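# Reading the structure
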Protein chains: 2
Amino acid sequence: MEALPKHVTIKEVGPRDGLQNEKVEIDTADKVAWINQLSETGLSYIEFSSFVHPKWIPQLKDAKQVASSIKRHPGITYAALVPNQKGLEAALETDVDEVSIFMSASETHNKKNINKSIEETYPILTQVVEEAKQEGKTVRGYLSTVFGCPYEGAVPIQQVIEVSIRLLDMGVDELSLGDTIGVANPLQVDRTLTEIRKQLSFDQIAMHFHNTRGMALANVLVSLEHGITTFDASVGGLGGCPYAKGASGNLATDDLVHMLHEMGIETGINAEQLTQSALYIQSKLGKSLPSHQMQVCNKERV
Amino acid sequence: MEALPKHVTIKEVGPRDGLQNEKVEIDTADKVAWINQLSETGLSYIEFSSFVHPKWIPQLKDAKQVASSIKRHPGITYAALVPNQKGLEAALETDVDEVSIFMSASETHNKKNINKSIEETYPILTQVVEEAKQEGKTVRGYLSTVFGCPYEGAVPIQQVIEVSIRLLDMGVDELSLGDTIGVANPLQVDRTLTEIRKQLSFDQIAMHFHNTRGMALANVLVSLEHGITTFDASVGGLGGCPYAKGASGNLATDDLVHMLHEMGIETGINAEQLTQSALYIQSKLGKSLPSHQMQVCNKERV
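Quick caveat, the model's predicted, so the values are computed rather than measured.

This brings us to the overall build of chain A. The secondary structure content of chain A amounts to 12 helices and eight strands. For chain A, whose C-alpha radius of gyration is 18 Å, the value lies close to the compact-globule estimate of 19 Å for 302 residues. Summarising its shape, the C-alpha atoms of chain A cover approximately 55 × 45 × 35 Å along the three principal directions. Split into buried and exposed, the 302 residues of chain A put 62% on the buried side. Once local pairs closer than 6 in sequence are excluded, the contacts in chain A between residues at least 24 apart make up 75%. For chain A, the distance from the average site of its 27 positive side-chain charges to the average site of its 38 negative ones is 5 Å.

One non-glycine residue, Thr145(A), adopts positive backbone phi at about 55°. Within the secondary structure layout, Thr145(A) lies in the loop between strand E5 (138-144) and helix H7 (157-169). Despite not being glycine, Asn115(B) has its phi angle at roughly 65°, a positive value. Its relative accessible area of 67% is what places Asn115(B) among the exposed residues.

In this assembly, 30 residues from chain B lie in contact with 29 residues from chain A. Across the chain B to chain A interface the summed buried area is about 2,700 Å²; carbon plus sulfur atoms make up 63%. Among the residues chain B hides against chain A, the three largest losses belong to Met1(B), Arg213(B) and His292(B). Together they make up 20% of the total. The tally of links between chain B and chain A comes to zero salt bridges. Here chain B and chain A share four residue pairs in polar contact (both at pLDDT 80 or more) between them. Those elements giving two or more residues to the side of chain B that touches chain A turn out to be helix H8 (186-199), helix H9 (216-225), helix H10 (253-262) and helix H12 (292-301) of chain B.

Enumeration over the complete set of coordinates arrives at two aromatic pairs over all chains. Note on Phe147(A) and Phe209(A): the rings are 6.0 Å apart at their centroids and 40° apart in plane angle, and the pair reads as tilted. Of this pair, Phe147(A) sits in the loop between E5 and H7 while Phe209(A) sits in the loop between strand E7 (205-208) and helix H9 (216-225), placing them 62 residues apart in sequence. Exposure remark for Phe147(A): the relative accessible area of 3% places this residue in the buried category. Classification of Phe209(A) as buried rests on a relative accessible area of 1%. Taking the ring centre of Tyr142(B) as reference, the NZ or CZ of Arg16(B) above it sits at 5.0 Å. Over the ring of Tyr45(B) we find Arg140(B); its NZ or CZ atom is 5.5 Å from the centre of that ring.

Helix-helix packing: each pair is described by the crossing angle between the helix axes and the interaxial distance. Residues and elements named next belong to chain A. Where H9 contacts helix H10 (residues 253-262), the two axes come as close as 11 Å, and the packing angle between them is 50°. If you check the angle between H9 and H10, you find them oblique. Between H9 and H10 lies a crossing whose hand is right-handed. Taken together, the residues of H10 that come into contact with H9 (itself represented by Leu 217, Val 220, Leu 221 and Leu 224) are Asp 255, Leu 256, Met 259 and Leu 260. Taken together, the residues that form the contact of H9 with H10 break down as seven nonpolar, no polar and one charged.

This brings us to the environment of Glu25(A). All names here are of chain A. For Glu 25, the location among the structural elements is in the loop between helix H1 (14-18) and helix H2 (28-38). Taking the C-alpha atoms as reference points, Glu 25 and Lys 284, separated by 259 residues in sequence, lie 9.4 Å from one another. Those residues in contact with Glu 25 that lie beyond four places of it in its chain are Pro 58, Gln 59 and Lys 61. A polar side-chain atom of Glu 25 sits 3.1 Å from a polar atom in the side chain of Lys 61.

Right, let's get into the relation of the copies chain B and chain A. It takes a turn of 180° to lay chain B on chain A, together with a shift of 0.0 Å along the axis; the resulting RMSD is 0.0 Å. Both chain copies can therefore be described as sitting about a two-fold axis. Considering only C-alpha atoms, the part of chain B nearest the rotation axis is Ala218(B), at 2.0 Å. Interface overlap between copies is the fraction of interface residues in one copy that are interface residues in the other; for chain B against chain A it reaches 97%, indicating a shared surface.

Attention now moves to H10(B). Residues and elements named next belong to chain B. Across the 10 residues of H10, eight count as buried, placing the element largely inside the fold. Taken together, the buried positions of H10 are occupied by Thr 253, Asp 254, Asp 255, Leu 256, Val 257, His 258, Met 259 and Leu 260. Residue Gly 264 follows H10 closely and has a positive phi angle near 80°.

In this section: the pattern of salt bridges. Opposite charge on two side chains permits them to pair, given that their charged atoms come into close proximity. Counting across every chain of the model gives 28 salt bridges over all chains. Taking the shortest distance from any N to any O, the salt bridge between Asp30(A) and Lys284(A) comes out at 3.8 Å. Here Asp30(A), found in helix H2, pairs with Lys284(A), found in helix H11 (residues 271-285); they are 254 residues apart in sequence, far enough to count as distant. The partly exposed category is assigned to Lys284(A), whose relative accessible area is 33%. Here Arg140(B) makes a salt bridge to Glu174(B), at a shortest N to O gap of 2.9 Å. Within this pair, whereas Arg140(B) is found in strand E5 (residues 138-144), its partner Glu174(B) is found in strand E6 (residues 174-178), the two being separated by 34 residues in sequence. The burial state of Arg140(B) is the same as that of Glu174(B); both residues are buried.

What follows is about the environment of Val172(B). Residue and element names in this part refer to chain B. In this fold, Val 172 is placed in the loop between helix H7 (157-169) and E6. With relative accessibility at 1%, the residue Val 172 sits in the buried group. Considering only alpha carbons, one finds Val 172 and Gln 295, 123 residues apart in sequence, at a separation of 37 Å. Residues contacting Val 172, with those up to four places away along its chain left out, are Ile 101, Val 129, Val 139, Arg 140, Gly 141, Leu 167 and Gln 204.

Further remarks concern the nonpolar core. Formed by 182 residues in total, the largest nonpolar core has its most connected members in Phe48(A), Leu143(A), Leu167(A), Phe48(B), Leu143(B) and Leu167(B). With sequence-adjacent residues up to four places away left out, Leu167(B) is seen in contact with Ile101(B), Met103(B), Leu125(B), Leu143(B), Val172(B) and Leu175(B).

As a further point, take the confidence of the model for chain A. The predicted model of chain A has a mean per-residue pLDDT of 93, with 95% of residues at 70 or higher. Scored below 50 in pLDDT, residues 242-247 of chain A shows 13 contacts in the model against residues more than four places distant or in partner chains.

Right, let's talk about the packing of helix H6 (residues 118-134) of chain A against H7(A) for a bit. Residue and element names in this part refer to chain A. Running from N to C, H6 and H7 cross one another at 15°; their axes reach a closest spacing of 11 Å. On the basis of the axis angle, H6 is roughly parallel to H7. Crossing of H6 over H7 shows right-handed handedness. Residues Ile 118, Glu 119, Tyr 122 and Leu 125 of H6 form the contact with H7, whose own contacting residues are Glu 162, Val 163, Arg 166 and Leu 167. Here the residues of the contact of H6 with H7 are counted per class, giving five nonpolar, no polar and three charged.

Conventions we followed
- Residues numbered from 1 in each chain as written.
- Chains lettered and ligands numbered in written order.
- Predicted model: local features only at pLDDT ≥ 70, side-chain atom pairs only at ≥ 80, totals over all residues.
- Heavy atoms only, no water.
- Helix = DSSP H or I, 4+ residues; strand = E, 2+ residues; numbered from the N terminus.
- Rg over C-alpha atoms; globule rule 2.2 N^0.38 Å.
- Buried < 20%, exposed > 50% of the residue type's maximum accessible area, 1.4 Å probe, protein only.
- Contact = heavy atoms within 4.5 Å.
- Lys, Arg positive; Asp, Glu negative; His and termini not counted.
- Charge placed at Lys NZ, Arg CZ, Asp CG, Glu CD.
- Buried area = accessible area lost by both parts, 1.4 Å probe.
- Salt bridge = Lys/Arg side-chain N within 4 Å of Asp/Glu carboxyl O.
- Polar contact = N/O pair within 3.5 Å; in protein donor to acceptor, adjacent residues only side chain to side chain.
- Phe/Tyr/Trp six-rings, centres within 6.5 Å; stacked < 30°, edge-to-face > 60°.
- Lys NZ or Arg CZ within 6 Å of the ring centre and 35° of its normal.
- Axes fitted to C-alpha atoms, helices over the stretch in contact; angles between N-to-C directions.
- Parallel < 35°, antiparallel > 145°, perpendicular 65-115°, else oblique.
- Left-handed = near helix turned anticlockwise from the far one by under 90°.
- Nonpolar A, V, L, I, M, F, W, Y, C, P; charged D, E, K, R; others polar.
- Least-squares fit on C-alpha atoms with pLDDT ≥ 70 in both.
- Core = buried A, V, L, I, M, F, W, Y, C linked by side-chain atoms within 4.5 Å.
- pLDDT = per-residue confidence, 0-100.

What follows is the structure, given as structure tokens:
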């Protein structure tokens, strides 16, 4: 364990993955103020919204306004999710640094989420990646249900690897492997990464764990032992209510940062400022956020 | 990770360590019904109460009634905490199988908790252990603040080892190393166990983690990799409210069992019956228990 990475990159997905899983719609001005706070914490990557039809995710209908209102920091990549060509067009009207695309490793989840088979999804995403690249944008890929599907159960590792290879081959710069329903256990993560490293370079792999069953930090630990150095997280555990089948229990950025710093692993993030930004969005949500740090911190403030 | 233990023993401390950290006093009849349910889950060890003065822990003032009312299962060790000679006398009036004693690895916590220095504590505990042994009881030792003290901060590993050796030398059969305030991180657990194994046999060591900062299961994982096979936990995460400085955030037995079973490690415990017993005590507490399994389970029941 003494050979763990010395530095980890955390990609903050709270403003997108967090808010899209909260029922409350946050005012645009509050979102902007919050993202501006996040930009002061030392984070190097913030996924600020999603250019998806407001019918599906009304919480993020102000993506364009958010993009044009936040204060950009040099050294931070501001990214947005785009589900398709139309989303990409909208994103390209802003000065987004990177776009993210997504699909599932399991057929049923992909169909329920995107309304297409896995095979039908490839050409659509290929076109999005090509156009994004032509416009000089980097592209991130999210692969869902890597460790289990709410409809199919276990997902074969080889199937995960095949879809991963297709996404990387179409030009995706980084692939985030998601434990969408929070079922991954440490032994499974160990076995999955052992297989993946035989066929893919970890330089392009990030891990996206959910804490639905309390195992997210244990899974991060195993990933660190494999040499993974990029993790997604959502400040305060925003989006952490385990209600939506298929998207539950984001790992809290503050819990992740706390563990890493305690283990002597640098993130470049100021934990105190991160807590402040979590307290801010918590005050706008009108409910307690689930991160452990928030609870310890709330207590210490009482 | 393929060389992990195949079987783990879980020691259920909810009726003692859990309840003593909850504000609500549970009716004796409800406690008895609950412990009887726990006895049906496949657990092999239940710490059912503490023979401590009711002035200090009124929630456990019915220890004697509980002891005489619960239905004993063959194959289950029923244990109770005894703080001193007087507690031991009371415990010995019941047919307790094992008694547990406790002290801290840090001077200040020991003084605040026991009102004695570490050195002054040894002779008192020696007498308790001797008498318990004469009465044919096994003795468990709890060592608190192994990974950090709320008053002193870091606790030197060598100090932990010295106190551990003193406790084992006085005849303690098993020593439970406690992360009393839930600050241990995986690297620290790795380093601590690396040092401990040089001077002590792991056969007599159990780990007692708290999930205050979300790292309990990651710390269990590291301990498993070191070959530790006995862990304390509290069903539902009872006693898990992070309010009391010095005793916060019990690891939930159900979360621990879930992770171990998912990793193919046997515990002998029926997870479904364990959940039922957690739901039962939750209904008596009148508040939600913090375990992840309870939240997933509550959701699935909605």
